[in-house]
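Fold and contact review
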Amino acid sequence: MILTSVILGWLLLVLLNVPIGIAMIMVSMGYFYHSGLGLSFATQRMVDGLNSFPMLAVPLFILAAAILNSAGITNHLFGFARALVGRFTGGLGHVNVLASLFFSGMSGSAIADAGGLGKMEIEAMRKAGYDDEFAGSVTAASSMIGPLVPPSITMVLYGVISNTSIGKLFLGGIVPGFLCALSLMIMVYVIARKRNYPRDAVTPVREVGSLFIKSLPALMTPVVIVGGIFSGYFSPTEAAAITVLYAILIDLMFYRELTVRRLWDAIYDTTLTASSIATIIAGVGLLSWVMAREQAPQQIAQFFLSIADNKLTFLIAVNILIFVLGAVIESLVILLIVVPTLIPVAMGFGVDPVHFGIVVVLNLMISILTPPMGMALFVVAQVGEIPFQKLARAILPWLIPPLAVLVLVCTFPILATGLPSLLD
């Protein structure tokens with residue numbers, strides 16, 4: 001009864017537009033006060049929740065993405081993607097997906113993708129005659145690729161809470177990430193052919209080569225990150241710091257568009273975003289302790305054991321749970337509160353921790369597209385100046401491609417574990 005009151009209190013505060021992290025801290029403090037545990041203990045729990053060396057990778061990857069955006073590197077990636085696939089039916093839709101795949105190798109964030117590339121992509125599609133609903137939908141849908149292809153902020157967080165190799169998670173997301181890109185491009189082709197959308201003229205090979213050379217330093221970012229981790233030169237957390245330095249270095253050597261003012265703006269935006277995430281993590285640290293004290297993990301485990309009798313039925317149940325929660329709760333909260341209670345159950349069913357991590361991350365990325373709480377929808381609606389209601393309706397068919405990939409990954413674990421197994 002107490003736990004139910006805490007959860008309902010948190011949901012009420014969220015509905016009253018109290019920030020999610022602050023709401024978690026408020027209801028947890030109320031629990032601590034009511035239980036007579038003392039607020040000083042609660043403060044210590046908040047500090048412990050943030051005291052993690054791997055967690056430092058989160059603000060650093062956010063900063064790297066902000067620097068890459070501020071330096072105008074996204075323009076070069078967009079131009080190269082347009083030269084490669086703009087010639088096909090629905091050209092700029094394919095460009096949108098491919099540019100997101102390129103940028104995902106540098107940012108590790110769906111929101112950074114939607115905010116960084118989104119405005120430029122939507123404006124280009126509008127000028128070419130695409131309607132706002134299509135342009136906004138493909139922009140939001142393609143942004144989900146970001147956390148699947150290394151580096152990935154979401155995978156870093158999952159690796160921390162599950163004690164799973166972050167390097168293996170990075171490798172595990174590559175095939176599902178490319179499958180998502182391919183399925184979205186198939187969707188673009190089908191819709192574009194039906195609506196007779198335009199396509200670009202064929203770009204000369206010499207121009208494609210020139211654009212590739214200009215984009216190559218940026219495209220090498222994931223190679224530097226993954227190569228450095230698996231060669232033993234640096235850890236995933238150190239890789240995040242290297243990514244920041246690499247972003248600044250390639251601008252100084254090749255692009256020369258990053259001014260002091262733009263760098264300051266990137267640092268400022270990173271501070272705001274990282275502070276918001278840190279507040280949620282601190283709140284999660286408190287609320288997780290409350291849930292553990294009230295034996296919520298044991299109750300959740302018993303529930304899943306009662307409805308699932310094998311690995312596949314368990315994964316189906318988990319996917320349904322995350323999909324439903326993702327429509328009303330922010331994905332970061334689901335990852336940090338719900339997923340830790342499911343990991344021991346998954347291990348009990350013999351699910352590989354890397355496979356489970358990729359399934360969870362893929363499902364969480366689908367949740368950022370599901371109204372009414374889809375964060376990517378809010379970002380795209382804002383940067384593209386598209387009414388949220390129109391975008392929320394238009395995005396529904398675009399859930400089919402990633403859901404199809406999710407089914408494949410659940411059914412065939414080798415899609416997630418194949419590359420990581422090469423390291424064993």
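My aim in this report is to walk through the structure given alongside it, one point at a time. These numbers come from a predicted model, not from an experiment.

Analysis parameters
Throughout this document, residue positions are counted from 1 along each chain, in the order its sequence is written. For this predicted model, a pLDDT threshold of at least 70 governs which residues receive local features, and a threshold of 80 or more governs which side-chain atom pairs are given and counted, while totals over whole chains, interfaces and linings are taken from all residues. Each side-chain value is derived from all of the structure's non-hydrogen atoms; neither hydrogens nor water enter the calculation. To qualify as a helix, a DSSP run of H or I must reach at least 4 residues; to qualify as a strand, a run of E must reach at least 2; elements of each kind are numbered from the N terminus. The angle between two axes is taken between their N-to-C directions and runs from 0 to 180 degrees, where each axis is a line fitted to C-alpha atoms and a helix contributes only its stretch in contact. Each helix crossing is assigned a hand: it is left-handed if the near helix lies turned anticlockwise from the far helix by less than a right angle, otherwise right-handed if that turn is clockwise. In what follows, residue pairs with any heavy atoms lying within 4.5 Å of each other are defined as contacts. Lys, Arg, Asp and Glu make up the charged group, whereas Ala, Val, Leu, Ile, Met, Phe, Trp, Tyr, Cys and Pro make up the nonpolar group; the residues left over, Gly among them, are polar. Each residue's exposure class comes from its accessible area (1.4 Å probe, protein chains only) as a fraction of the maximum for that residue type: buried when under 20%, exposed when over 50%, partly exposed otherwise. Each nonpolar core is a collection of buried residues, namely Ala, Val, Leu, Ile, Met, Phe, Trp, Tyr and Cys, held together in the definition by side-chain atoms within 4.5 Å. Residues form patches when they are more than 30% accessible in relative terms and have no salt bridge. Like charges link within 9 Å. Nonpolar side chains (Val, Leu, Ile, Met, Phe, Trp, Tyr) link within 5 Å. Accessible surface is estimated by sampling points in the Shrake-Rupley manner with a 1.4 Å probe; for residues, cover comes only from the protein chains shown. Any Lys or Arg side-chain nitrogen found within 4 Å of a carboxyl oxygen on Asp or Glu counts as a salt bridge. To estimate the expected span of a helix, subtract one from its residue number and multiply by 1.5 Å.

A word on the environment of Val324. Note that Val324 resides in helix α18 (residues 311-326). With 43 residues separating them in the primary sequence, Val324 and Ser367 have C-alpha atoms 8.3 Å apart.

Once that is clear, we can look at the packing of helix α1 (residues 2-15) against helix α2 (residues 20-35). Interaxial distance between α1 and α2 falls to 9 Å at its minimum, and their mutual angle equals 145°. Remark: the crossing between α1 and α2 carries right-handed chirality. Residues Ile2, Val6, Gly9, Trp10, Leu13 and Val14 of α1 touch α2, and the partners they reach there are Ile20, Ala23, Met24, Met26, Val27 and Tyr31. The class makeup of the residues in the contact of α1 with α2 is 11 nonpolar, one polar and no charged.

To continue, consider the side chain of His94. Note that His94 resides in helix α6 (residues 91-107). Exposure remark for His94: the relative accessible area of 5% places this residue in the buried category.

Okay, the nonpolar core next. Counting residues in hydrophobic clusters, the biggest one holds 148 residues, and the most contacted among them are Met24, Phe314, Phe356, Leu369 and Trp398. At 12 residues, helix α19 (residues 331-348) tops the list of elements feeding residues into this core.

Taken together, the side chains of Phe212, Ile213, Leu216, Met220 and Val223 define a hydrophobic patch exposed on the protein surface, amounting to about 430 Å² of accessible area. Per element, the largest residue contribution to the nonpolar patch is three residues, and it comes from helix α13 (residues 205-219). Considering the arrangement of structural elements, one finds Phe212 in helix α13.

With 20 residues, helix α15 (residues 236-255) should reach 28 Å at 1.5 Å per residue; the first-to-last C-alpha distance of 26 Å fits that figure. Those residues of α15 that fall on the buried side of the exposure criterion are Pro236, Thr237, Ala239, Ala240, Thr243, Val244, Tyr246, Ala247, Ile250, Asp251 and Tyr255. Once α15 ends, the next one or two residues include Arg256, with phi positive near 55°.

Without other data, these values stay purely geometric and don't point to any function.
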